[in-house]
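Survey of secondary and tertiary structure
Below are the chains, spelled out letter by letter.
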Amino acid sequence: MLTKVIEQSKIDHFTKWFERADKIVIVSHVSPDGDAIGSSLGLYHFLTSQDKTVNVIVPNAFPDFLKWMPGSKDVLLYDRYKEFADKLIAEADIICCLDFNSLKRIDDMGVAVAGSSARKVMIDHHPQPEEFCHITISHPTISSTSELIFRLICRMGYFSDITREGAECIYTGMMTDTGGFTYNSNNREIYYIISELLSKGIDKDDIYRKVFNTYSESRLRLMGHVLANMKVYAEYDAAMISLTCAEQKSFDYIKGDSEGFVNIPLSIKNVCFTCFLREDTERPVIKISLRSIGTFPCNQFAAEFFNGGGHLNASGGEFYGTMEEAVKVFEQGLEKYKSLLCTT
Ligand code: 5GP
Ligand code: MN
């Protein structure tokens, strides 16, 4: 049995909308990850099984290792089909905002979503949700939005309508947001849900392989290169890795190739805070990823130094300037946060 995480009044409210709606749009955040696509497609499969007209729209492309997911070909990319997407957003009865807590996280698409007269629901697990939806289902203690989608569908009384395809998407989101159930994954109910998803016929071992073990040779070589240049700050129990545009070019970088890199330095004994700085090839900006083990607040660090946010142990942000300047800001941050970093 699952505890009732989502408030009953919100389930009832959403169910009422759902029963009357026909056109439903699902949106998720920029640079969509496994949970963004997993939760969106998990909900998509359920809603289409109820004969709704459903469109999933994300701001930009998602990595190849998610493209096996059932329904992924139907995901509309806003940066390629803006006009069509704007029309769908404007004409929707309901817009479901999944896996993000602020309109900023969906870039230009935020203007269209804010301007639409559709009823809006947020289903998310990031702290401090902004108020731009009529119903806000926000649960930062739950490790993935995909898990919330499972809970929502079940509480609406439709567990039996979850298909194998839908279950695969939900499982993928739960798996990727917990690093294959290696962090944020001590809640025993996660394993009850997995058991229910297995009852739908998913092959969890195969999903793991498809997501984590289908990289290119050049990605592995890039990983070697990045790790060879890693900087370890023993006095702060921290580490930093970086990737410039030139390095990306020389290793035939494609979107998603550096997925997971930020976690690798955490496998060094005593390192409990890591930073990954990557020059964006499309915009003049450096993308920052931060990860920690324990109580170190990555989200606070990201907000203070990199105009970002996220979860306690996984956050991100952006930096406008050179790589050297970004590294300097990171190092200044280490000094400022010294007392909160693990001391061994
Ligand atoms: P990642 O390092 O995988 O890109 O992001 C980890 C988490 O940090 C995301 O799930 C998201 O919550 C948060 N995050 C990443 N980039 C940004 C950003 O630019 N702004 C904010 N507010 N949060 C971000
Ligand atoms: Mn998520």
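Residue indices begin from 1 for each chain and proceed along its sequence in written order. Lettering for chains starts from A, numbering for ligands starts from 1, and both go in the order in which the items are written. Predicted model: local features are reported for residues with pLDDT of at least 70 only, side-chain atom pairs are reported and counted for 80 or more only, and whole-chain, interface and lining totals are derived from all residues. Remark: hydrogens and water are excluded; side-chain values derive from all non-hydrogen atoms of the structure.

Of all hydrophobic cores here, the largest spans 54 residues; its most connected members are Phe14, Ile26, Cys96, Val121 and Leu197. The contact definition used throughout considers only heavy atoms, calling two residues in contact when any of these lie within 4.5 Å. Discounting chain neighbours no more than four positions away, the residues touching Leu197 are Phe150, Ala167, Ile170, Tyr171, Met174 and Ile202. Residues belong to a common nonpolar core when they are buried Ala, Val, Leu, Ile, Met, Phe, Trp, Tyr or Cys residues joined through side-chain atoms within 4.5 Å. Burial classes: relative accessible area under 20% of the type maximum marks a residue as buried, over 50% as exposed, and values in between as partly exposed (1.4 Å probe, protein chains only). Ranked by size, the runner-up nonpolar core spans 25 residues in total, among them Tyr233, Phe273, Phe306 and Tyr337.

Each metal site lists N, O and S donors within 2.8 Å (3.2 Å for Na, K and Ca). With water left out of the atoms, a site can look as if it is missing ligands. Bound to the manganese ion (ligand 2) are the protein donor atoms Asp35 (OD), Asp99 (OD), His125 (NE2) and Asp177 (OD), situated 2.2 to 2.4 Å from the metal. What makes Asp35 buried here is its relative accessible area of 0%. Residue Asp177 is classed as buried on the basis of its relative accessible area, which comes to 16%.

This part covers the environment of Tyr183. Strands here are runs of E lasting at least two residues and helices are runs of H or I lasting at least four, both read from the DSSP assignment and numbered beginning at the N terminus. On the secondary structure map, Tyr183 appears in the loop between helix H6 (164-176) and helix H7 (188-198). Sequence-distant contacts of Tyr183, defined by excluding residues within four places in its chain, comprise Thr176, Asp177, Thr178 and Asn263.

On to the pairing of strand S6 (residues 135-138). Burial of the side chains of S6 extends over both faces: Ile135 and Ile137 are buried on one face and Thr136 and Ser138 on the other. Only strands that DSSP links by at least two bridges are regarded as paired with each other. Pairing of strand S5 (residues 119-124) with S6 involves 4 bridges; the strand directions are parallel. Bridged to Val121 within S6 is Ile135.

Quick look at the domain arrangement of the protein chain now. By convention here, the domain bounds are inherited from an automatic or database domain assignment. Along its sequence, the protein chain is organised into domain 1 (8-212) and domain 2 (217-341). Relative to domain 2, the C-alpha centre of domain 1 lies at a distance of 27 Å. Tallying the contact residues gives 11 residues for domain 1 and 8 residues for domain 2. For any pair of parts, buried area is found by adding up, for both, the accessible area (1.4 Å probe) each one loses once the two are put together. Across the domain 1/domain 2 interface, buried area totals approximately 800 Å², and carbon plus sulfur atoms make up 53% of it. Basic side-chain nitrogens of Lys or Arg form a salt bridge, by our definition, when they fall within 4 Å of a carboxyl oxygen of Asp or Glu. At the boundary of domain 1 and domain 2, one finds 0 salt bridges. What qualifies as a polar contact is a pair of N or O atoms within 3.5 Å, subject to a donor-acceptor requirement within protein and to the restriction that residues adjacent in sequence count only when both atoms come from side chains. Counting across the domain 1 and domain 2 interface gives 1 residue pair in polar contact (both at pLDDT 80 or more). Here the side of domain 1 that touches domain 2 is composed, by residue class, of 6 nonpolar, 4 polar and 1 charged. Each residue is assigned to one class: nonpolar for Ala, Val, Leu, Ile, Met, Phe, Trp, Tyr, Cys and Pro, charged for Asp, Glu, Lys and Arg, and polar for all the others, Gly among them.

Each axis is a line fitted through C-alpha atoms, and for a helix only the stretch in contact is used; angles between axes span 0 to 180 degrees, taken between their N-to-C directions. Packing of helix H11 (residues 298-306) against helix H12 (residues 323-336) leaves a shortest axis separation of 11 Å and a crossing angle of 130 degrees. One finds that H11 runs oblique with respect to H12. Where H11 crosses over H12, the two elements pack in a sense that is right-handed. Across the interface between the two elements, Phe301, Glu304, Phe305 and Phe306 of H11 pack against Ala326, Val329, Phe330, Gly333, Leu334 and Lys336 of H12. Among the residues forming the contact of H11 with H12, the class breakdown is 7 nonpolar, 1 polar and 2 charged. We call two directions roughly parallel when the angle between them is under 35 degrees, roughly antiparallel when it is over 145, roughly perpendicular when it lies between 65 and 115, and oblique otherwise. With the far helix as reference, a near helix turned anticlockwise by less than a right angle produces a left-handed crossing, and one turned clockwise produces a right-handed crossing.

Two rings from Phe, Tyr or Trp (for Trp, the six-membered ring) form a pair when their centres sit within 6.5 Å of each other. Planes less than 30 degrees apart are called stacked, planes more than 60 degrees apart edge-to-face, and all others tilted. All told, the structure shown has 23 aromatic pairs when counted by the stated rule. Residues Phe273 and Phe301 carry aromatic rings whose centres are separated by 5.0 Å and whose planes lie at 65 degrees to one another, so their mutual orientation is edge-to-face. Remark: Phe301 occurs in helix H11 and Phe273 occurs in strand S9 (residues 273-279); sequence separation between them is 28 residues. Across this residue pair, the class does not change: Phe273 and Phe301 are buried. Each ring, one from Phe306 and one from Phe319, has its centre 6.1 Å from the other, and the planes form 80 degrees; the classification is edge-to-face. Of this pair, Phe306 sits in helix H11 while Phe319 sits in strand S12 (residues 314-319), and the two are 13 residues apart along the sequence.

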